[in-house]
Amino acid sequence: MTKIPAHFAGSKVKLGCMWDLALVDCNAATMVGGYGILRDAVIGIADGRIAFVGARDGLEPARETRHLHGAWVTPGLIDCHTHLVFGGQRAGEWEMRRQGKSYEDIARAGGGILSTVRATRAASEDELVASAMRRVAAMARQGVTTVEVKSGYGLDLATEEKMLRAAGRLECVPGGVRVSRTFLGAHALPPEFKDDREGYVDLVCNAMIPKLAPLADAVDAFCESIAFTPEETERVFAAARAHGLRVKLHAEQLTDQGGAALAARFLALSADHLEHLSEDGIAAMAKAGTVAVLLPIAFYFLRETRKPPVAALRAAGIPVAIATDCNPGTSPAASPLMALNMACTLFDLTPEEALLGMTAHAAYALGLEDETGTLEVGKSADLAIWDISEIAELAYWIGADLLKSRIFQGRSL
Ligand code: NIG
Ligand code: FE
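Model, not experiment: these values are computed from the prediction. (Residues numbered from 1 in each chain as written. Chains lettered and ligands numbered in written order. Predicted model: local features only at pLDDT ≥ 70, side-chain atom pairs only at ≥ 80, totals over all residues. Heavy atoms only, no water.)

Novice: Before we move on, can you summarise the pattern of salt bridges with the specific residues and values?
Specialist: One side chain can pair with another of opposite charge once the charged atoms of both are near each other. By the definition in use, this model includes 21 salt bridges. Aspartate 382 is paired through a salt bridge with arginine 178; the nearest N and O atoms lie 2.8 Å apart. A residue pair is termed long-range when its members are at least 10 positions apart, and aspartate 382 in the loop between α14 (360-365) and β13 (383-386) and arginine 178 in strand β7 (residues 178-186) qualify at 204 residues. The exposure class of aspartate 382 is buried, given its relative accessible area of 2%. Judged by relative accessible area, arginine 178 falls into the buried class, the value being 10%. (Salt bridge = Lys/Arg side-chain N within 4 Å of Asp/Glu carboxyl O. Helix = DSSP H or I, 4+ residues; strand = E, 2+ residues; numbered from the N terminus. Buried < 20%, exposed > 50% of the residue type's maximum accessible area, 1.4 Å probe, protein only.)

Structure, rendered in structure tokens:
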């Protein structure tokens, strides 16, 4: 940090340094405890971090001052649940679903996740990066600065590793993005283990987690009637914790397996989907501080009818996050703003709750709350600048081009 120049020395000292950039003439939604609105705000950025957020006083000790003409600034959006690295696509399967086949029917017949496993095994790492990069770039154009990416379409050590490496390379998207990687080996039973469930769970716990732990920030599992039982999930979680990794869970998406309560016992960062969440699950999550990640685009795309218990989550004080669940089977969606809209229209969140769900609460769901998710001094300067006149517009428009620019770790394109 550079010393403050003489002509600023008498001004309000803002982190005692010269900023690299001052954003002025803007409205800020800091997302601290709600929208946290500051009108006619100044945001100072130094060394890639937020150095000041507050009212304008006419003195911005910055090398560069950018006038935003009343634009809105929010924390960069955080998509905290995606499966966006995968081979191929599943539009053909979706056509079958339109003709009456269910997601579970297709999965049981060897389609669904397993058809993406075949395509992902066949793809090179470069091919996976190239296809996923298009999706991450689309998200970045909607203000995303942090994205979580799960493995889980490899289901063998080499392909799971290839997926996690590919996910890491997405940080090079134009303008940059932070990628949080999650190992999801327990996503489906691979064909070579179809008669040996225990053998596959052994492989996940004893070979994959130890080998892949350095490439992953967390471990996830799909606890469901068509995937892994609570007992199998528990073994995976115990292995994850033994290797120092936090856990999260696909829980209660299609049926109530008691997954949320199990996740809470392991102090999970989040339990995700939750359409069939029970009262016991809610109580356990509240006690453990586990974030509820809701995925309204998957709900819409599967034409589910049972909604997650939003009013009960609210009453229990559980932080709710919203994500795209971008994946080829249940949510072919690279649009975080669409997820915000659907969180409001389908799940009855307020626009403020939805935006908290893709900023402050999403950071908690990834264990990144000290680094990003709000506009607060000391956090990474991850910002989205929007061409809107009212903050609720972020959840209101469908398919509009709202982003003016994006700043990641203090840098913009
Ligand atoms: O989050 N629920 C499990 N996994 C994904 C679906 C993956 C797929 O169908 O390819 C989900 O919905
Ligand atoms: Fe998912």
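Next, the rest of the story.
Novice: Which residues make up empty space enclosed by the protein, and what values do they have?
Specialist: Within this structure, the stated rule accounts for one cavity of 30 Å³ or more. Estimates place the volume of the largest cavity at around 100 Å³. Every residue lining the largest cavity is counted, 13 residues in all, and those nearest its centre are His83, Tyr103, His187, Asn327 and Thr330. Split into classes, the residues belonging to the lining of the largest cavity amount to four nonpolar, seven polar and two charged. (1 Å grid on protein atoms, 1.4 Å probe; cavity = no way out; pocket = protein on both sides within 12 Å on 5 of 7 lines; lining within 4 Å. Points joined across faces, edges and corners; volume = space filled by probe spheres on them. Nonpolar A, V, L, I, M, F, W, Y, C, P; charged D, E, K, R; others polar.)

Novice: Break down the layout of surface pockets for me, citing the residues and quoting the values.
Specialist: Roughly 350 Å³ of internal volume is contained in the largest pocket. Looking at the largest pocket, it is lined by 17 residues, and the ones nearest its centre are Ala107, Arg108, Leu114, Leu189 and Ile226. Counting only elements with at least two residues in the lining of the largest pocket, the list comes to α2 (103-108) and α3 (113-122). At three residues, α2 tops the list of elements feeding residues into the lining of the largest pocket. Here the lining of the largest pocket is composed, by residue class, of 11 nonpolar, three polar and three charged. Empty space within the second largest pocket amounts to approximately 290 Å³.

Novice: Please give an account of the packing of aromatic side chains that cites residues and values.
Specialist: Within the structure shown, the criterion is met by eight aromatic pairs. Measuring from ring centre to ring centre gives 6.3 Å for phenylalanine 86 and tyrosine 153, while their planes differ by 80 degrees; the resulting arrangement is edge-to-face. One end of the pair, phenylalanine 86, is in the loop between β5 (77-79) and α1 (91-98); the other, tyrosine 153, is in the loop between β6 (144-150) and α5 (157-169), with 67 residues separating them in the sequence. Here the two residues phenylalanine 86 and tyrosine 153 agree in accessibility, since each one is buried. Joined through ring pairs, the aromatic side chains of Phe193, Tyr200 and Phe228 make up one cluster. If you follow arginine 135 out to its NZ or CZ, it ends over the ring of phenylalanine 86, 3.8 Å from the centre. (Phe/Tyr/Trp six-rings, centres within 6.5 Å; stacked < 30°, edge-to-face > 60°. Lys NZ or Arg CZ within 6 Å of the ring centre and 35° of its normal.)

Novice: Outline helix α6 (residues 197-212), listing residues and values.
Specialist: Bending of α6 peaks at approximately 30 degrees at the position of valine 204. Taken together, the buried positions of α6 are occupied by Gly199, Tyr200, Val201, Val204, Cys205, Met208, Ile209 and Leu212. Where α6 is buried, its residues touch α5, β7, β8 (218-223) and α7 (230-242). (Bend = angle between axes of the 7 residues up to and from the residue. Contact = heavy atoms within 4.5 Å.)

Novice: How would you explain the side chain of threonine 159 if you had to name every residue and give the values?
Specialist: Mapped onto the elements, threonine 159 comes out in helix α5. Threonine 159 gets classed as buried once you look at its relative accessible area, which sits at 6%. Threonine 159 has contacts with Thr120, Arg121, Tyr153 and Gly154, leaving out every residue within four places of it along the chain.

Novice: Account for the site of ligand 1, naming residues and giving values.
Specialist: The full set close to ligand 1 counts 15 residues, and Arg90, Tyr103, Tyr153, His187 and Thr330 are the nearest of them. Tyrosine 153 has a polar side-chain atom sitting 2.6 Å from an oxygen atom of ligand 1. One of the side-chain N or O atoms of glutamine 253 is found 2.9 Å from a nitrogen atom in ligand 1. When atom positions are compared with the pocket grids, ligand 1 is found to occupy the largest cavity. Its residues assigned to classes, the shell around ligand 1 comprises four nonpolar, nine polar and two charged. (Near = heavy atom within 4 Å. Polar contact = N/O pair within 3.5 Å; in protein donor to acceptor, adjacent residues only side chain to side chain. Sits in = over half its atoms within 2 Å of the grid points.)

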